[in-house]
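Residues per chain, in single letters:
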Amino acid sequence: MQRFDNLIAGIKTPPASGQWIPSLDPYRNENWCEIPDSNGADVDAAVAAARSAFTGPAWRGLSATARGALLRRLGGLVADNAQRLAEIEVRDNGKLLSEMLAQLRHIPQWFYYYGGLADKIEGAVLPIDQPDHFVYTTWEPLGVVAAITAWNSPLLLLTWKLAPGLAAGNTFVVKPSEFSSASTLAFAELFQDAGFPPGVINVVCGTGQGVGAPLVAHRDVAKVAFTGSDATGRAINRTVAGDLKHVTLELGGKSPNIVFADADLDAAAAGVASGIFAAAGQTCMAGSRLLVQREIHDAFLDKICALASTIRLGDPSAPDTQMGPLANAPQYSKVLGCIDDAVNEGATLACGGRAHHDASGGLFVQPTIFRDVDHASRLAQREIFGPVLAVIPFDTDDEALALANGTDYGLGAGLWTRDMARVFRFTQGLQAGTVWVNTYRALGFMAPFGGMKASGLGRESGQEMIKLYLQSKTVWINNATQPPGNPFVMRLG
Ligand code: NAD
């Protein structure tokens, strides 16, 4: 079985514990590689390497233009290695090769975009109202950033942190999910090939408690950039609040797709199905609640169930497969448990609802739809992170908006209608970081993404988000020829 090491200061380094964690191929339901089971000693070594790279001349001495060139070179290397990296991700998390390849082919765009932005971060000369002073601002990097990621799209989620963070001049310690670390380790090697100095990117693998917690608490970490569940995000936020560190949290969701009777119903049905069944529902932006206007409820439900029943489950690497397995054994048990809870609480199954077994032994769950769901129930309120849709009818626009906003989360929302006045009302009223109108699950490197309420803090992608990896400094230069005034009075004018 292939065994991976950590990457610390540019050197492949076995874990201090001498222990490894097996990583599961969820389609074949067998372990396929081992990743380091690291601990606080590995974290200390990686943070020290990142700190030393941050202050050292090889990185600190690079101009922003030269940093940008490195990022663009890296983007080219990712493009060249897209197929290989996508295949590793599929082995580790069971998502479709077509989906992971589409992500890998687009990831270079983030490095090109932020590589181009690196030397366009400008301070300002301020027209200060004190004639004897010259005052200007600059933007400086924060220091060592801890990037902690979830298992569902390891390299895309990491890219959203690395591209702006490196363009800004920071260095990184990366902690991928213990369920899907292999692609991150293979990806990190490309940074060295691109010419990044050793220690700028370090990777330490292991569990949340063994590696994540000491990394977040480390005194030399200046910022935590996290993607994962809201439970872990809240724990991280408590730690960083105590330490006054910078933080970005990309957390879960319970996003609604709202379908009105005047919508293009075939397009809406395709969007709703893609929202919840793509990636077997294991996406933060899964459209896991369908709010549908009562007059079309039954016909629309029939459409969605018909679509769900034709979804081809199977080998995630086969081109005609539409849904792969769930990514790991705990997630598989959790999703089946949520379905059982919903049935026991009296929810009505419209289709699916069981594990799907085939010769592979893979961890499949049927596309599952519950109808007439009580919006106060756990089925409608908690994130399941699987192919499970809760359908809820509504009558009026106000009721639809109240239901859409009626969870703790606020990551995304889909709106399906042809009524432009309604589009404006809903895009203003929806409490969601992203609103998709007559589309769903669209993303881009120039478009900020992130959550309101329990779905997170901060955003990723887009020009402005590079500022989340920078801090401003104001410089006052006194050029007066006269002696200073009263030293006991603040100089305000
Ligand atoms: P998770 O919170 O269990 O784990 C995420 C990462 O945090 C892992 O690397 C884990 O090892 C680490 N971790 C766990 N405990 C920690 C601790 N105490 N301190 C520091 N690190 C710790 O989440 P998951 O199950 O891997 O991922 C699924 C979740 O991620 C879902 O809630 C999903 O919605 C969310 N997600 C959000 C986005 C987004 O952009 N908003 C994208 C993808 C996934």
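The notes below deal with the structure included here.

What counts, and at which threshold
- Along each chain, numbering runs from 1 in the same order as the chain's sequence is written.
- Confidence filtering applies because this is a predicted model: local features only for residues at pLDDT of at least 70, side-chain atom pairs given and counted only at 80 or more, and all residues used for totals across whole chains, interfaces and linings.
- Computation of side-chain values: all heavy atoms of the structure, hydrogens and water removed.
- Think of it this way: a Phe, Tyr or Trp ring, Trp meaning its six-membered ring, pairs with another when their centres are within 6.5 Å, and the plane angle makes it stacked under 30 degrees, edge-to-face over 60, tilted otherwise.
- Secondary structure elements are taken from DSSP: a helix is a run of H or I of four residues or more, a strand is a run of E of two residues or more, and numbering for both begins at the N terminus.
- Working definition: with a 1.4 Å probe on protein chains only, accessible area under 20% of the residue-type maximum means buried, over 50% means exposed, and in between means partly exposed.
- Geometrically, a lysine NZ or arginine CZ counts as sitting over a ring once it is within 6 Å of the ring centre and also within 35 degrees of the ring normal.
- Salt bridges are defined as contacts in which a side-chain nitrogen from Lys or Arg sits within 4 Å of a carboxyl oxygen from Asp or Glu.
- Here a residue counts as near a molecule or strand whenever at least one of its heavy atoms sits within 4 Å of it.
- Side-chain atoms alone can form a polar contact between residues adjacent in sequence; in general such a contact is a pair of N or O atoms within 3.5 Å, and within protein one must be able to donate a hydrogen while the other accepts it.
- Note on areas: Shrake-Rupley with a 1.4 Å probe; residue coverage comes only from the protein chains shown.
- Gly counts as polar in this scheme, as do all residues outside two lists: the nonpolar Ala, Val, Leu, Ile, Met, Phe, Trp, Tyr, Cys and Pro, and the charged Asp, Glu, Lys and Arg.
- Domain borders in the structure are assigned automatically or taken from a domain database.
- We call two residues contacting when some pair of their heavy atoms lies within 4.5 Å.
- Like charges are joined within 9 Å and nonpolar side chains (Val, Leu, Ile, Met, Phe, Trp, Tyr) within 5 Å, but only among residues with over 30% relative accessible area and no salt bridge; these make up the patches.
- Helix axes are fitted only over the stretch in contact, all axes being lines through C-alpha atoms; the angle between N-to-C directions runs from 0 to 180 degrees.
- Oblique is the label for any angle not covered by the other classes, which are roughly parallel (under 35 degrees), roughly antiparallel (over 145) and roughly perpendicular (65 to 115).
- Should the near helix be turned counterclockwise from the far one by less than a right angle, the crossing is left-handed, whereas a clockwise turn marks it as right-handed.

### Comments concerning the packing of aromatic side chains
For step 1, the next point in the chain: Summed over the entire model, instances satisfying the criterion amount to 18 aromatic pairs.
For step 2, the next point in the chain: On the numbers, 6.4 Å between centres and 40° between planes, the contact of Phe172 with Tyr469 is tilted. Here Tyr469 lies in the loop between strand 24 (456-457) and strand 25 (470-478) and Phe172 lies in strand 9 (residues 171-175), a separation of 297 residues in the sequence.
For step 3, the next point in the chain: Since its relative accessible area comes to 3%, Tyr469 is described here as buried.
For step 4, the next point in the chain: Between the aromatic rings of Phe260 and Phe426, the centroid separation amounts to 5.6 Å while the plane-to-plane angle is 85°, which identifies the pairing as edge-to-face. Remark: Phe426 occurs in helix 15 (residues 420-429) and Phe260 occurs in the loop between strand 13 (256-259) and helix 10 (265-277); sequence separation between them is 166 residues. Each member of the pair, Phe260 as well as Phe426, carries the same accessibility label: buried.
For step 5, the next point in the chain: Among the aromatic residues, those joined into a cluster by ring pairs are Trp110, Tyr113, Tyr114, Trp160, Phe445 and Phe449.
For step 6, the next point in the chain: Lying across the ring of Phe54, Arg60 places its NZ or CZ 4.6 Å from the centre.

### Some remarks on the pattern of salt bridges
For step 1, the next point in the chain: Summed over the entire model, instances satisfying the criterion amount to 21 salt bridges.
For step 2, the next point in the chain: In this structure, Asp25 engages Arg91 in a salt bridge whose closest nitrogen and oxygen atoms are separated by 2.9 Å. Residue Asp25 is located in strand 4 (residues 20-25), and its partner Arg91 is located in helix 4 (residues 82-93); the two are separated by 66 residues in the primary sequence.
For step 3, the next point in the chain: What makes Arg91 partly exposed here is its relative accessible area of 30%.

### Focus: the site of the ligand
For step 1, the next point in the chain: In the vicinity of the ligand there are 29 residues, among which Glu178, Ser229, Thr232, Leu251 and Glu383 approach most closely.
For step 2, the next point in the chain: Residue Trp151 places a side-chain N or O atom 3.1 Å away from an oxygen atom belonging to the ligand.
For step 3, the next point in the chain: For the ligand, whose unbound accessible area comes to 850 Å², protein coverage reaches 88%.
For step 4, the next point in the chain: When residues of the shell around the ligand are traced back to their parent elements, those giving at least two are helix 8 (208-217), strand 11 (221-227) and helix 9 (230-243).
For step 5, the next point in the chain: Across the shell around the ligand, the residue classes tally to 14 nonpolar, 11 polar and 4 charged.
For step 6, the next point in the chain: Structurally, the shell around the ligand is a two-domain feature, drawing no fewer than three residues from each of domain 1 (2-251 + 455-474) and domain 2 (256-437).

### As for the side chain of Ser38
For step 1, the next point in the chain: With respect to the helices, strands and loops of the structure, Ser38 is situated in the loop between strand 5 (30-36) and helix 1 (40-55).
For step 2, the next point in the chain: Only 2.9 Å separates the side chain of Ser38 from the side chain of Asn6, close enough to count as a polar contact.
For step 3, the next point in the chain: Not counting chain neighbours up to four residues away, the residues in contact with Ser38 comprise Asn6, Pro15, Val204, Cys205, Gly206, Gly210 and Val211.

### Description of a nonpolar patch on the surface
For step 1, the next point in the chain: Together, Val125, Phe134 and Ile477 line one region of the surface with nonpolar side chains, adding up to about 260 Å² of accessible area.
For step 2, the next point in the chain: With respect to the helices and strands, Val125 occurs in strand 6 (residues 125-126).
For step 3, the next point in the chain: According to the relative accessible area criterion, Val125 is exposed, its value standing at 56%.

### What about the environment of Asn486?
For step 1, the next point in the chain: Along the chain, the position of Asn486 falls in the segment after strand 25.
For step 2, the next point in the chain: Note: C-alpha distance between Asn486 and Asn31 (455 residues apart in sequence) is 74 Å.
For step 3, the next point in the chain: A polar contact is formed between the side chain of Asn486 and the backbone nitrogen of Phe488, at a distance of 2.8 Å.

### Considerations on the packing of helix 3 (residues 64-80) against helix 7 (residues 182-194)
For step 1, the next point in the chain: Two numbers describe how helix 3 lies on helix 7: the axes approach to 9 Å, and their chain directions differ by 130°. The orientation of helix 3 relative to helix 7 falls into the category oblique. Helix 7 is crossed by helix 3, and the crossing has right-handed handedness. Here Leu70, Arg73, Leu74, Leu77 and Val78 of helix 3 lie close against helix 7, whose contacting residues are Phe187, Leu190, Phe191, Asp193 and Ala194.
For step 2, the next point in the chain: Its residues assigned to classes, the contact of helix 3 with helix 7 shows 8 nonpolar, no polar and 2 charged.

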